[in-house]
Amino acid sequence: MARRTPKTRRPGPARAAGLRTPSWVGWLFVAPALAVYAVFVLRPIVLTFQYSVYRWDGIGSSTWVGLGNYGKVFTDPDLFATILNAVKLIVFFSLIPVVLGLVIASTIRRIAASRLALAARTVLFLPQVIPLVAAGITWSWLLSSTGLVNQLLSHIGLGGVTRAWLGDFSTALPAVGVIGAWVLLGLCTILLLSGMSKIDPALYEAARMDGAGPVREFVSITVPSLRQEIGVCVTVTVIAALASFDIVYVATQGGPGNATMVPGLEIYYLAFSERQVGTASALAVVLMVLVIVVAIPIQWLTKDRTS
């Protein structure tokens, strides 16, 4: 008689459920990161909100003022001017790097096989690896009254327009904007160039067969295909403009007068020099809300809706 092979019993639903890992186990892996985030991000935000409704010098007793500090931010001309200066810097920190980055990245893509393309990528990305403090100091030398920029202008017969670019009330903020544009141009170019590498070359070939030139290819294929990359660039550069601090502090320290004073620098001065912790916290909260209000629509407008 043939021996019967015992059948292997499959685990029933009850046993299979018992072998599943409990859902709370996954939280154990993210608990350390959540703890660090809560202590170093969420807690300071909550404390900033708390300080913003008090008048406090950071040492003595505090006095409840409610929304008085927020009212001061919007009614004090000097404080509100810092927000306007940050908004103006968006043109230099965001618009110029993104537009120039698109043009430069498109040009590099066309000569991708040459050594010039590699050299261009390296030179353009160099500001990202240079400390911003060093960049600010270097540009301060270049834009001084005896700096290289004025020497070149004098050499080509434009000595009448020379000035201390960072010390003139009318040119200080644009000069800071130029420094920011120089720093962020390489980042935008590399991000956009990486996005262009994902575009199907067949699209360009089909466009050329239809008689499209380089400009038409750029407008009809390149720019629409880089919707998400452009969104990332705009978001990063806009936040850099609104939250600017290091470049302004090193280059002008907010001067001349308050011509280049931005919220980040004003918060620093209010909290640590003038001991107005409540007002500084209110301005910080306003700046945080402004960044969120600006960034969310950018993300929504540039979101990929094809999927």
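Note that the structure is a prediction, hence the values are computed from the model and not measured.

Further remarks concern the overall build of the protein. The helix and strand inventory of the protein stands at 14 helices and two strands. In terms of overall size, the protein is more extended than a compact globule, its C-alpha atoms giving a radius of gyration of 27 Å where 307 residues would be expected to give roughly 19 Å. Seen through its C-alpha atoms, the protein measures out along the principal axes to roughly 115 × 70 × 30 Å. Buried positions account for 34% of the 307 residues belonging to the protein. In the protein, the share of contacts with a sequence separation of at least 24, taken over all contacts with a separation of at least 6, comes to 65%. Accessible surface, the protein as shown: approximately 18800 Å² in total, 68% of it carbon and sulfur. Charge separation in the protein, taken as the distance between the mean sites of 23 positive and 13 negative side-chain charges, equals 22 Å.

A word on helix α8 (residues 172-196). Each α-helix winds once per 3.6 residues, and so residues spaced three or four apart point in a common direction. The end-to-end C-alpha separation of α8 is 36 Å, in line with the 36 Å expected for 25 residues at 1.5 Å each. Along α8, the sharpest change in direction is near 35° and occurs at L184. For α8, a buried count of 18 out of 25 residues is recorded, marking the element as mostly surrounded by other parts of the structure.

Moving on: the pattern of salt bridges. Throughout the structure, instances matching the rule amount to three salt bridges. For the salt bridge of R110 with E217, the shortest nitrogen-to-oxygen distance reads 3.1 Å. With R110 in helix α4 (residues 77-110) and E217 in helix α10 (residues 214-225), this residue pair connects regions lying 107 residues apart in the sequence. The network of salt bridges with common partners includes R110, R208 and E217.

Residue-level pLDDT values for the protein average 88, and 92% of them are 70 or greater. Within the protein, helix α13 (residues 263-272) carries the highest mean pLDDT (95), whereas helix α1 (residues 13-19) carries the lowest (51).

Next up on the list: the environment of I137. Relative to the assigned elements, I137 resides in helix α6 (residues 132-142). Separated by 62 residues in the primary sequence, I137 and I199 have C-alpha atoms spaced 40 Å apart.

The next subject is a nonpolar patch on the surface. Residues W24, W27, L28, F29, V30 and L34 make up a contiguous nonpolar surface patch of roughly 740 Å² in combined accessible area. Turning to its location among the elements, W24 is positioned in helix α2 (residues 23-51). The class of W24 is exposed, set by a relative accessible area of 53%.

This part covers the packing of aromatic side chains. Per the counting criterion, the structure on display carries nine aromatic pairs. Taken together, a centroid distance of 6.3 Å and an interplanar angle of 50° make the contact between F74 and F80 tilted. Centroid distance Y268 to Y269: 5.7 Å. Interplanar angle 55°. Geometry classified as tilted. Taking relative accessible area as the criterion, Y268 reaches 31% and is therefore assigned partly exposed. On the accessibility criterion, Y269 (19% relative accessible area) is buried. Three or more aromatic residues joined by ring pairs form one cluster here, namely F245, Y249, Y268, Y269 and F272. Above the plane of the ring of Y204 lies R109, whose end atom (NZ or CZ) is 4.2 Å from the centre.

Basis of the calculations
Residues numbered from 1 in each chain as written. Predicted model: local features only at pLDDT ≥ 70, side-chain atom pairs only at ≥ 80, totals over all residues. Heavy atoms only, no water. Helix = DSSP H or I, 4+ residues; strand = E, 2+ residues; numbered from the N terminus. Rg over C-alpha atoms; globule rule 2.2 N^0.38 Å. Buried < 20%, exposed > 50% of the residue type's maximum accessible area, 1.4 Å probe, protein only. Contact = heavy atoms within 4.5 Å. Areas by Shrake-Rupley, 256 points an atom, 1.4 Å probe, with all protein chains shown as cover. Lys, Arg positive; Asp, Glu negative; His and termini not counted. Charge placed at Lys NZ, Arg CZ, Asp CG, Glu CD. Expected span 1.5 Å × (residues − 1). Bend = angle between axes of the 7 residues up to and from the residue. Salt bridge = Lys/Arg side-chain N within 4 Å of Asp/Glu carboxyl O. pLDDT = per-residue confidence, 0-100. Patch = residues over 30% accessible without salt bridge, like charges linked within 9 Å, V, L, I, M, F, W, Y side chains within 5 Å. Phe/Tyr/Trp six-rings, centres within 6.5 Å; stacked < 30°, edge-to-face > 60°. Lys NZ or Arg CZ within 6 Å of the ring centre and 35° of its normal.

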